[in-house]
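Residues per chain are reported as follows:
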Amino acid sequence: MSAYGSDPELNVYDVTGNGTEVDVATNLLNGDIRLSILWTQEILLSADAAEQVADALRRGAAQSRSITDATSAD
């Protein structure tokens, strides 16, 4: 089982149609955020797709803060 939870709202693929995709995931144990480009080393995004990735990163940051705040409160 992975400690990372991927953003379920993110569904972004390379504009060239080669199947490359982006994944934003939060480590549910320590709040670290992982940005992955799957199947290659780069990805070309449309403006709308780039905005979706930015939104996913913001959601990940909010989730990370709630994890680290809960951990520091213990």
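Residues numbered from 1 in each chain as written. Predicted model: local features only at pLDDT ≥ 70, side-chain atom pairs only at ≥ 80, totals over all residues. Heavy atoms only, no water.

### Concerning the side chain of S64
Point 1. Within the fold, S64 resides in helix α1 (residues 47-73).
Point 2. Engagement of the side chain of S64 in a polar contact is seen with the backbone oxygen of G31, the distance being 2.5 Å.
Point 3. Residue contacts for S64: discarding those within four places in its chain leaves T26, G31, D32 and I33. (Helix = DSSP H or I, 4+ residues; strand = E, 2+ residues; numbered from the N terminus. Polar contact = N/O pair within 3.5 Å; in protein donor to acceptor, adjacent residues only side chain to side chain. Contact = heavy atoms within 4.5 Å.)

### Things to note about the sheet that holds strand β3 (residues 33-38)
Point 1. With antiparallel pairing, the 3 strands of this open sheet are ordered in space as β1-β2-β3. Only two strands of the sheet have a single partner each, and these edge strands are β1 (4-6) and β3. Neighbour to neighbour, the strand axes of the sheet diverge by 30° on average, direction disregarded.
Point 2. Relative to strand β2 (residues 21-27), β1 is paired through 3 bridges, and the arrangement is antiparallel. Note that in β2 the partner of G5 across the bridge is T26. (Pairing = 2+ DSSP bridges. Axes fitted to C-alpha atoms, helices over the stretch in contact; angles between N-to-C directions.)

### With respect to the pattern of salt bridges
Point 1. Counting across every chain of the model gives 4 salt bridges.
Point 2. For R59, the salt bridge identified is with E9, shortest N-O distance 3.6 Å. On the criterion of sequence distance, the pair formed by R59 in helix α1 and E9 in the loop between β1 and β2 is long-range, its members being 50 residues apart.
Point 3. A single network of salt bridges, built from pairs that share partners, joins D7, E9 and R59. (Salt bridge = Lys/Arg side-chain N within 4 Å of Asp/Glu carboxyl O.)

### A word on the environment of D14
Point 1. Relative to the elements of secondary structure, D14 occurs in the loop between β1 and β2.
Point 2. For D14, a relative accessible area of 8% translates into the label buried.
Point 3. Not counting chain neighbours up to four residues away, the residues in contact with D14 comprise T20, E42, I43 and L44. (Buried < 20%, exposed > 50% of the residue type's maximum accessible area, 1.4 Å probe, protein only.)

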